[in-house]
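Residue strings, one per chain:
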Amino acid sequence: KAGVTQTPRYLIKTRGQQVTLSCSPISGHRSVSWYQQTPGQGLQFLFEYFSETQRNKGNFPGRFSGRQFSNSRSEMNVSTLELGDSALYLCASSLDPPRGDSPLHFGNGTRLTVT
Amino acid sequence: GENVEQHPSTLSVQEGDSAVIKCTYSDSASNYFPWYKQELGKGPQLIIDIRSNVGEKKDQRIAVTLNKTAKHFSLHITETQPEDSAVYFCAASGTGRRALTFGSGTRLQVQP
């Protein structure tokens, strides 16, 4: 069974631009979560989607948004990019609806560099 | 909110030795504690997890222990091998609070 697929693997953008990242969950998984990973802040939760609805959101500004489609694929968007948005963005999927103890399976991430 | 502290930040062991990584959490409502291994250029991979109704869980060379009273859980790797070299993260979450709170990571280096 294929794992979580994230595209693209690498992105380079300039300040002020916007970017869209894509995630395809493991087949049959309906929950998708997004995390940001940086050397300074570690792994931080962005948001989680289930059945096309955002179920949980972390402490990130409104420039960070996401959505989920009927096939469970998800996208996240960052508008008005700042240098501090440079990070590895990780998508994770799980089989169960959000409940706190369902194992998360991560993709290999999208490395975003903002110059 | 939940806060997870992880120690040590780096750990170097000789091949065949054991490695122990420790984490503490702050929210007594947390009841799910996974451990992830992240290799260079890859996403975190779930290696073992434990729920609050269990004190210890083993999977071959890997074991996790949980002390709910002390709000402390640990990862034990026995007979370490060079391929165990990676960054390991602990995490915690609770029912109704879906998001995992991660520790800061431990870089494990197994010297051949």
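Residues numbered from 1 in each chain as written. Chains lettered and ligands numbered in written order. Predicted model: local features only at pLDDT ≥ 70, side-chain atom pairs only at ≥ 80, totals over all residues. Heavy atoms only, no water.

Thoughts on the overall build of chain A
No. 1: Tallying secondary structure elements over chain A gives zero helices and 11 strands in all.
No. 2: Helices and strands appear in chain A in the N-to-C order β-β-β-β-β-β-β-β-β-β-β.
No. 3: Its C-alpha atoms give chain A a radius of gyration of 13 Å, near enough to 13 Å, the size a compact globule of 115 residues would have.
No. 4: Along the first, second and third principal axes, the C-alpha set of chain A runs to 40 × 25 × 25 Å.
No. 5: Per-residue burial over chain A gives 50% buried out of 115 residues.
No. 6: When contacts within chain A are restricted to residue pairs at least 6 apart in sequence, long-range pairs at least 24 apart make up 54% of them.
No. 7: Carbon together with sulfur atoms contributes 46% to the accessible area of chain A, which is approximately 5,300 Å² in total. (Helix = DSSP H or I, 4+ residues; strand = E, 2+ residues; numbered from the N terminus. Rg over C-alpha atoms; globule rule 2.2 N^0.38 Å. Buried < 20%, exposed > 50% of the residue type's maximum accessible area, 1.4 Å probe, protein only. Contact = heavy atoms within 4.5 Å. Areas by Shrake-Rupley, 256 points an atom, 1.4 Å probe, with all protein chains shown as cover.)

A short note on unusual backbone geometry
No. 1: Cis geometry marks the peptide bond from A:Thr7 to A:Pro8; its omega dihedral reads -10°.
No. 2: Topologically, A:Pro8 is positioned in the loop between β1 (5–7) and β2 (10–13).
No. 3: A cis geometry characterises the amide bond from B:His7 onward to B:Pro8, with omega recorded as -5°.
No. 4: Inspection of the secondary structure assignment puts B:Pro8 in the loop between β1 (4–7) and β2 (10–14).
No. 5: Phi at A:Ser72 is positive, roughly 75°, even though this residue is not glycine.
No. 6: Its place among the elements puts A:Ser72 in the loop between β7 (64–68) and β8 (74–78).
No. 7: Taking relative accessible area as the criterion, A:Ser72 reaches 11% and is therefore assigned buried.
No. 8: In the Ramachandran plot, A:Thr80 falls in the positive-phi region, its phi being about 45° despite a non-glycine side chain.

Overview of the interface of chain B and chain A
No. 1: Each partner contributes residues to the interface: chain B has 20 residues there, and chain A has 21 residues.
No. 2: Carbon and sulfur atoms make up 53% of the surface buried where chain B meets chain A, a total of about 1,600 Å² over both sides.
No. 3: At the junction of chain B with chain A, the criterion picks out zero salt bridges.
No. 4: Broken down by secondary-structure element, the contributors of at least two residues to the side of chain B that touches chain A are β4 (32–38), β5 (45–51), β9 (86–94) and β10 (97–102) of chain B.
No. 5: In terms of residue count, β10(B) provides more of the side of chain B that touches chain A than any other element does, five residues in total. (Buried area = accessible area lost by both parts, 1.4 Å probe. Salt bridge = Lys/Arg side-chain N within 4 Å of Asp/Glu carboxyl O.)

Remarks on the sheet that holds strand β7 (residues 62–67) of chain B
What links the strands of a sheet is backbone hydrogen bonding, and the strands pair in either a parallel or an antiparallel sense.
Residue and element names in this part refer to chain B.
No. 1: As summarised here, the arrangement of the five strands in space is β1-β3-β8-β7-β6, forming an open sheet in which the pairing is antiparallel. Only two strands of the sheet have a single partner each, and these edge strands are β1 and β6 (56–59). The sheet shows a mean angle of 15° between the axes of neighbouring strands, direction not considered.
No. 2: Note that strand β3 (residues 19–25) and strand β8 (residues 72–77) share six bridges and pair antiparallel. Residue pairing across strands places Thr24 opposite His72, the latter belonging to β8. (Pairing = 2+ DSSP bridges. Axes fitted to C-alpha atoms, helices over the stretch in contact; angles between N-to-C directions.)

A look at the state of the cysteines
Between two cysteines, a covalent bond joining their sulfur atoms is known as a disulfide.
Residue and element names in this part refer to chain A.
No. 1: Counted under the stated rule, the structure contains two disulfides over all chains.
No. 2: Note that Cys23 is cross-linked by a disulfide to Cys91, the S-S spacing being 1.8 Å. On the sign convention where negative means left-handed, the S-S torsion of about -60° between Cys23 and Cys91 marks this disulfide as left-handed. Separated by 68 residues along the polypeptide, Cys23 in strand β3 (residues 19–24) and Cys91 in strand β9 (residues 87–94) bring together distant segments of the chain. Here Cys23 and Cys91 have matching classes, each one buried. (Disulfide = S-S within 2.5 Å.)

Digging into the sheet that holds β8(A)
Residue and element names in this part refer to chain A.
No. 1: In spatial order, the strands read β1-β3-β8-β7; together these four strands make up an open sheet with antiparallel pairing. Of all the strands in the sheet, just β1 and β7 have a single pairing partner and so form its edges. Mean inter-strand twist for the sheet, computed between neighbouring axes without regard to direction, equals 20°.
No. 2: Judged from the three bridges that link them, β1 and β3 form a sheet pairing that is antiparallel. The residue bridging Gln6 from the neighbouring strand is Cys23, located in β3.

Considering the nonpolar core
No. 1: Within the largest apolar cluster, 23 residues are counted, with the highest numbers of intra-cluster contacts made by B:Trp35, B:Phe73, B:Leu75 and B:Tyr88.
No. 2: Within the residue set of this core, elements represented by two or more residues are β3, β4, β5, β7, β8, β9 and β11 (106–111) of chain B.
No. 3: Residues contacting B:Leu75, with those up to four places away along its chain left out, are B:Ala19, B:Val20, B:Ile21, B:Trp35, B:Ile47, B:Ile48, B:Ile62, B:Ala63 and B:Tyr88.
No. 4: If you look at the next biggest cluster of nonpolar residues, it comprises 21 residues, including A:Ile26, A:Leu46, A:Phe47 and A:Leu112. (Core = buried A, V, L, I, M, F, W, Y, C linked by side-chain atoms within 4.5 Å.)

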